[in-house]
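Examining the three-dimensional arrangement
Okay, here's what each chain looks like letter by letter:
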Amino acid sequence: EKGNHRHFMEKEIHEQPIVVAQTLGAYLDPLAETVGLPPCDFDLAAITRIQIVACGTALLAGHVASYWLESLARIPVAIENASEFRYREPVCGPDALLLVISQSGETADTLAALRHARAAGQKVAAVVNVPSSTMAREADLLLPTHAGPEIGVASTKAFTCQLAVLAAFAVALARLRGTIDAEAEAAHVRMLTEAPAAMNAALALEAPIQALAQPLSRAQDILYIGRGPDFPMALEGALKLKEISYIHAEGYAAGELKHGPIALVDEHMPVIVIAPSGPRFEKTISNMAEVMARGGQVVLISDAAGLAAQAAGTMAAIEVPQVPSFIQPLVMAVPVQLLAYHVALAKGTDVDQPRNLAKSVTVE
Ligand code: M6R
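Reading guide: rules and limits
Residues numbered from 1 in each chain as written. Predicted model: local features only at pLDDT ≥ 70, side-chain atom pairs only at ≥ 80, totals over all residues. Heavy atoms only, no water. UniProt positions renumbered as here; feature names shortened; annotations may be inferred. Helix = DSSP H or I, 4+ residues; strand = E, 2+ residues; numbered from the N terminus. Rg over C-alpha atoms; globule rule 2.2 N^0.38 Å. Contact = heavy atoms within 4.5 Å. Areas by Shrake-Rupley, 256 points an atom, 1.4 Å probe, with all protein chains shown as cover. Core = buried A, V, L, I, M, F, W, Y, C linked by side-chain atoms within 4.5 Å. Buried < 20%, exposed > 50% of the residue type's maximum accessible area, 1.4 Å probe, protein only. Polar contact = N/O pair within 3.5 Å; in protein donor to acceptor, adjacent residues only side chain to side chain.

The name given to the protein in an unreviewed UniProt entry is Glutamine--fructose-6-phosphate aminotransferase [isomerizing], and the organism recorded there is Polymorphobacter multimanifer. What the UniProt record of the protein gives under Subunit (unreviewed entry) is the line "Homodimer." Its UniProt record gives the protein a comment under Subcellular location (unreviewed entry), which states: "Cytoplasm".

This paragraph deals with the overall build of the protein. Each helix and strand counted, the protein has 13 helices and twelve strands in total. Computed over its C-alpha atoms, the radius of gyration of the protein comes to 20 Å, within 12% of the 21 Å expected for a compact globule of 364 residues. In terms of principal-axis extent, the alpha carbons of the protein reach across some 55 × 45 × 45 Å. Of all intrachain contacts in the protein linking residues separated by at least 6 positions in sequence, the fraction that spans at least 24 positions is 76%. For the protein, the accessible surface area stands at approximately 14200 Å², while carbon and sulfur atoms represent 53% of it.

Turning next to the nonpolar core. In terms of nonpolar packing, the biggest core is built from 96 residues, with Ile50, Leu69, Leu99, Phe169 and Tyr224 touching the most fellow members. Top contributing element to this core by residue count: helix α7 (residues 157–177), with 14 residues. In contact with Ile50, other than residues within four places in its own chain, are Leu69, Ile75, Pro76, Val77, Ala78, Leu97, Leu99, Phe169 and Leu173. By size, the runner-up hydrophobic cluster in this structure holds 17 residues, among which are Ile225, Ala254, Val271 and Leu300.

This part takes up the environment of Lys359. Along the polypeptide, Lys359 turns up in the segment after α13 (328–347). With 255 residues separating them in the primary sequence, Lys359 and Ser104 have C-alpha atoms 8.4 Å apart. Once you skip the residues sitting within four places of it in the chain, Lys359 turns out to touch Gln103, Glu150, Ile151, Gly152, Val153, Ala154 and Ser155. There is a polar contact of 2.6 Å between the side chain of Lys359 and the side chain of Glu150. A polar atom in the side chain of Lys359 sits 2.8 Å from the backbone oxygen of Gly152.

Below, the structure written as structure tokens:
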């Protein structure tokens with residue numbers, strides 16, 4: 001059932017505009033321009049802090065969401081790997097919400113965190129793709145993604161559907177807490193409604209990305225950098241690339257580069273710079289200039305305004321559609337996934353079943 005796609009991963013990347021629209025459809029009322037959440041038996045408005053726990057790509061969706069939850073709902077957010085959560089003594093309580101995120105709903109470490117928090121009397125919300133899963137059953141508030149079955153081991157459409165749900169959740173929570181008004185809610189609903197079409201436009205980047213795949217596939221190591229929500233996107237780009245192409249890759253906050261990793265940069269080190277135009281652009285571009293000054297080969301992923309300002313001297317420039325920064329991560333995910341996919345194709349690895357990995361990690 002791959003249709004005319006070579007791999008499930010490719011099919012799932014291409015399905016994203018549709019499944020993200022489906023997922024948003026479960027939360028947004030486009031006519032009233034409001035966000036609705038499924039019913040739950042506790043008072044969400046009384047929550048004063050959120051702990052996000054997940055693994056891998058789901059954790060990175062949570063990392064992106066932390067920016068939305070803080071800026072819109074003004075709620076403090078802590079993020080932890082599910083595998084490390086148990087080694088803390090989390091300060092649970094009825095005013096705190098544990099937010100778990102999982103495609104499968106069965107990841108052992110994430111499930112253990114859910115059970116730990118519930119046993120301590122804390123409420124748990126779960127963003128889950130498989131409706132019949134254990135996490136979906138055990139959560140106090142189920143926030144489903146509607147990505148449909150994800151077969152490729154590399155998470156793609158589940159990730160963007162998680163982002164869609166988390167963005168809608170942040171807006172809903174902000175309204176409940178009174179940190180945004182109805183007008184701002186409507187504006188955010190309109191932005192989210194634009195996301196699937198912009199993601200569709202981003203799929204057209206396949207050809208320029210494919211052209212980059214051969215040279216990048218010869219690299220030993222690749223760095224990804226970004227700032228703000230582009231930092232978790234850099235982490236996601238590196239995770240996806242190492243997972244399916246077996247090229248060593250790391251994501252860094254752009255500003256961290258000069259605190260160590262820039263020592264690695266030479267003419268053999270490609271650096272993927274994720275820098276859409278906007279308030280963070282100039283600073284990331286100055287980090288990019290530091291890389292280029294040391295001979296680093298830069299691939300700049302930005303929008304038309306960003307590339308018009310700064311594409312000179314790069315190895316390649318990838319132009320993503322220009323969208324409001326709120327929905328940028330949903331759109332940015334597409335080139336990041338396509339890059340990993342095409343580099344893996346160029347290397348000839350088993351894209352859908354990468355070595356040593358399982359789709360669902362049910363041991364701790
Ligand atoms: O089923 P889950 O979302 O809980 O799985 C979490 C991670 O194992 C998963 O996202 C993993 O990192 C992916 N293979 C990344 O592409």
